Number of protein chains: 2
Amino acid sequence: MARNCFSLKKLDLGARAGELATPHGLVRTPVFCPVASQATVKTLTPEEINGLGFSMLLANTYHLYLQPGVSVIEKMGGLHRFMAWDKPILTDSGGYQVFSLSPLRRIDDEGVTFRSHVDGSEHRFTPELAVEYQEALGSDIMMVLDECPPHDGTRAEVEEATGRTHRWAARCLKAKTREDLSLYAIVQGGSFTDLRQKSAEHLAGLDFPGYAIGGLSLGEAKSLTLEMIEAAAERLPKDRPRYLMGVGSPEDIVEGVARGIDIFDCALPTRVARNGALFTPAGRINIRNAAYREQSSPVDPTCECYACRTFSAAYLHHLFVAKELLFYRLATIHNLTFISHLMETIRDSILAGTFGALRRDFMSTYRPTNERTRIQQKEKWLKKQRSE
Amino acid sequence: MARNCFSLKKLDLGARAGELATPHGLVRTPVFCPVASQATVKTLTPEEINGLGFSMLLANTYHLYLQPGVSVIEKMGGLHRFMAWDKPILTDSGGYQVFSLSPLRRIDDEGVTFRSHVDGSEHRFTPELAVEYQEALGSDIMMVLDECPPHDGTRAEVEEATGRTHRWAARCLKAKTREDLSLYAIVQGGSFTDLRQKSAEHLAGLDFPGYAIGGLSLGEAKSLTLEMIEAAAERLPKDRPRYLMGVGSPEDIVEGVARGIDIFDCALPTRVARNGALFTPAGRINIRNAAYREQSSPVDPTCECYACRTFSAAYLHHLFVAKELLFYRLATIHNLTFISHLMETIRDSILAGTFGALRRDFMSTYRPTNERTRIQQKEKWLKKQRSE
């Protein structure tokens, strides 16, 4: 396979079905990566994640650098062995987390100094260190260190951040020493169409094996997210995988695939699960709703997950109200099963040339949380993370 | 099988191996029941509990009465179906919880009025209601409503509580309507040897199919616990199962079996697991200890649990420090595997007539937490429960 290790199998309107070769095996795209920030998909074992049909996980360099420390994981034989996951791992560079989680940061052209959101201690990342850490972790796909401007940044601020992201991308490429691992660039450009286009073009010229679109999970309106994806995607090389970072509600996945995205990661399906929001074909339901108190049928009778095959909605409602740890597990299994099934259906439809019909069906029946709720939840979560 | 459904297979010194028939299958004794207070063994699925080799669970009428409510569980087809556990269930009557968890209670001969430790609402249990609730839950083994005197109660206080417990036991027996379920009496008597003996004798005269020894997990010294077990056990009928309530650290189990106990339940193995205390053949270890930060071998190389087969001690240490939910699961699996293996070894040794040697070996190598720590932990836990 080519050095970018990506092969496009089928194009259906804008949607793409492909195969991505990695040191830990083949990934069929479009793919969704469950988030294992701290080397664990919250509540689940690697066996379970595998059983749910996922082929790649996302871990966070920022979190692992702070705890347990990159050197500990390296001594334990690398991240795959540490967390007992032998399929591909994609790691974020820490750029996004530094900008979204760290309470204080100072950025200069050389790198970024930040404080830990855990204990307030001071740390510094540079493009070179970000690559060094990810190589030590042994991630199959590494990300460049980027500067993530706020979603309401001025044009000048966004231009500056995007320029720095480009210079850092080149430095990351130069710092890379391991031939077996891939390093992807990150398109920035905030909410400015032309900056997104220029960023994509510039990075395409640096010949990365894959490209991510970053900075689109910071609370901007959904229509704007989609516009920015389109702006970037049209200037990215067709033969390289495109990774939409941190965006991945069911409706976002369908719309992202329609715009040519191959890789998704997002904490949303697992995070909202723990808050009681469960995916069903008709949209999200909230298990704390009193309507479920005596529902003897499962949350979703069409769902084949362990929770729906085994328990009534009443039992899940009870576990949620009683704050039982088993709830977080069952809800996570349920939502990830929904996403896994969605990805499979999407890929099959692309290969069959029927993605357009699937998209219409899905978007007309699935009722997402409304825009304001979504943004409020995101802001609340970010605030909580920072204060912890 | 006889109406008490218990058959003694072998006696080895004081230790007993037996078989207990229930509507949901046979239980080989001595048996340890993991605690599923709120219809779930915290963090685990019923499939997993079954896979760990456990044959009976304990659930709490007090907790289930408050949440989700007995009538909800009844409508959902009973407790077995509600929690998807088709093996035997033993339920406590709520007596112990009313006295240990409820912030306020008023007791009279008729029953006990108490406030919920969850929301402060007022409720009342009587012996008749305790049986009615347990029959509605459908527990294979029900317990009488008892009055649990404080471990430092005066002789007069304990005498009064024990007398009431006896009168309530007779009322429970009379209130029982379901022939398929068993109802066990509870021996009280505080820390007074003669009161324990008299209580056992009195209840033995009422011809219950099984007998529990209650009120021995309230923070008294361990030597006193053992003395009270002996006092009660010697006056209980030999052909009925004996259940030691709420006592079940590894060392307590071995010493309890030596004194003729057949059934144990205890939240300790799962509770201390979540606090980072893991059982090993040499005693409890604390996973938060920095010594585990870079230990690439498992917590216990001789352990066959999923956690020890799959992960390094370093990974468990990391999950604990990072407060990851997966830790609570893995630690629970580990400690319950230890207990399950211990019960199997104990039963095999009784059947082989070698329990004495096993007991000596175990007690000389296993290092339990010291007495003061144990009592402090228990008091801290009770305080936390009450304040929640």
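Structural notes on the sheet that holds strand β9 (residues 122-125) of chain B
Residue and element names in this part refer to chain B. Strand order in the open sheet formed by 3 strands is β7-β8-β9, and the pairing between neighbours is antiparallel. Every other strand in the sheet has two partners, leaving β7 (105-107) and β9 as the edge strands with one partner each. Adjacent strand axes in the sheet meet at a mean angle of 15° when their direction is disregarded. With 3 bridges connecting them, β7 and strand β8 (residues 112-115) associate as antiparallel partners. Residue Ile-107 lies in a different strand from β8, and its bridge partner there is Val-112.

What to know about the nonpolar core
By size, the foremost hydrophobic cluster in this structure holds 232 residues, and its most contacted members are Leu-57, Ala-212 and Leu-316 of chain A together with Leu-57, Ala-212 and Leu-316 of chain B. Filtering out sequence-adjacent residues up to four positions away, Leu-316 of chain B remains in contact with Ile-287, Val-299, Ala-307, Phe-311, Phe-327 and Leu-330 of chain B.

Some words on the interface of chain A and chain B
Across the contact, 31 residues belong to chain A and 31 residues belong to chain B. When contributions to the side of chain A that touches chain B are tallied by element, the ones reaching two or more residues are α3 (70-75), α4 (79-83), α13 (313-321) and α14 (325-352) of chain A. Broken down by element, the side of chain A that touches chain B gets its largest block of residues, 5 residues, from α13 of chain A. Across the side of chain A that touches chain B, the residue classes break down as 17 nonpolar, 9 polar and 5 charged.

Quick look at the domain arrangement of chain A
All names here are of chain A. Each domain of chain A was delimited in the assignment, giving domain 1 (30-267 + 372-387) and domain 2 (273-369). A straight line from the C-alpha centre of domain 1 to that of domain 2 covers 27 Å. Tallying the contact residues gives 20 residues for domain 1 and 21 residues for domain 2. Broken down by secondary-structure element, the contributors of at least two residues to the side of domain 1 that touches domain 2 are β4 (31-33), α10 (250-258) and α16 (371-387). Residue contributions to the side of domain 1 that touches domain 2 peak at 6 residues, all from α10. Among the residues forming the side of domain 1 that touches domain 2, the class breakdown is 12 nonpolar, 4 polar and 4 charged.

Procedures and definitions
- Residues numbered from 1 in each chain as written.
- Chains lettered and ligands numbered in written order.
- Predicted model: local features only at pLDDT ≥ 70, side-chain atom pairs only at ≥ 80, totals over all residues.
- Pairing = 2+ DSSP bridges.
- Helix = DSSP H or I, 4+ residues; strand = E, 2+ residues; numbered from the N terminus.
- Axes fitted to C-alpha atoms, helices over the stretch in contact; angles between N-to-C directions.
- Core = buried A, V, L, I, M, F, W, Y, C linked by C-beta atoms within 7 Å.
- Buried ≥ 20, exposed ≤ 12 C-beta atoms within 10 Å, placed from the backbone.
- Contact = placed C-beta atoms within 7 Å.
- Nonpolar A, V, L, I, M, F, W, Y, C, P; charged D, E, K, R; others polar.
- Domains from an automatic or database assignment.

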